[in-house]
Amino acid sequence: MRVPTSDRRTAIGANMTPMIDVVFLLIIFFLVSSHLARQENHLPLDLPTAGTFQPNDPDKQALTISLDDAASIRVRGDVVSIQALGLLLAELKAQDGDDAAIRIRVDGQVQYALVEPVLRQAALAGVTDASIAVRDKATSGGNQP
């Protein structure tokens, strides 16, 4: 019987390649998702002005719904119908439960008659946390979401 010597042992180590791949995929995912979120908030809308408002809560993840002056409803940059919006809001409620929230960005020239169906779809889906983005009267050029 042969006695093993220490010079014949191979070094035991972990293969780091899969972990590095996962880290790079996560980095790419967060870069793309943050880019889409920033792009959604920069749609060219002339927000209505308000004398008083509450600033955005950065910890709250609200779904942003935009209505432009042509009465197009946009969610995540895509134009959707009012029926498709109802389905998206139902999915949001199912996913987030009572924490489901929406933020409506409306062009200042849009009549309330076009905003009301969006609020109705939110109410039908059970989403009760809704806010409307406005611009502060004190700021003349920038949009204050």
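The structure this text deals with has already been given above.
For the structure given in this document, a descriptive report is provided here. Nothing here was measured: the structure is a model prediction, and the numbers come from that model. (Residues numbered from 1 in each chain as written. Predicted model: local features only at pLDDT ≥ 70, side-chain atom pairs only at ≥ 80, totals over all residues. Heavy atoms only, no water.)

Taken across its five residues, strand β2 (residues 63–67) has five buried, putting it largely inside the fold. Side-chain alternation along β2 places L63, I65 and L67 on one buried face and T64 and S66 on a second face that is also buried. In terms of strand pairing, β2 meets strand β5 (residues 101–106) through five bridges, oriented parallel. If you follow L67 over to β5, its bridge partner there is V106. Joining the antiparallel neighbours β2 and strand β3 (residues 73–75) is a turn of five residues, in which A71 adopts a positive phi near 65 degrees. (Buried < 20%, exposed > 50% of the residue type's maximum accessible area, 1.4 Å probe, protein only. Helix = DSSP H or I, 4+ residues; strand = E, 2+ residues; numbered from the N terminus. Pairing = 2+ DSSP bridges.)

The terminal C-alpha atoms of helix α3 (residues 112–125) lie 20 Å apart, and with 14 residues this matches the ideal 20 Å at 1.5 Å per residue to within 8%. What α3 keeps buried is the set V115, V118, A122 and A125. Buried residues in α3, looked at end-on, bunch into an arc of 85 degrees, giving them a common side. Residues of α3 that are exposed and point over 90 degrees away from its buried face: Y112, A113, A123 and L124. Packing partners of the buried residues in α3 comprise β2, β3, α2 (82–96) and β5. (Expected span 1.5 Å × (residues − 1). Arc of directions from axis to C-beta. Contact = heavy atoms within 4.5 Å.)

Taking 1.5 Å per residue as the helical rise, α2 with its 15 residues ought to reach 21 Å, and the 21 Å between its terminal C-alpha atoms agrees with that figure. Regarding α2, the residues found buried are L85, G86, L89 and L92. Viewed along the axis of α2, the buried residues span an arc of 120 degrees, placing them on a single side of the element. Of the residues in α2, the exposed ones pointing more than 90 degrees away from the buried face are Q83, L87, E91, A94 and Q95. Elements in contact with the buried residues of α2: β2, β3, β4 (78–80), β5 and α3. Looking at the residues trailing α2, positive phi occurs at G97, about 65 degrees.

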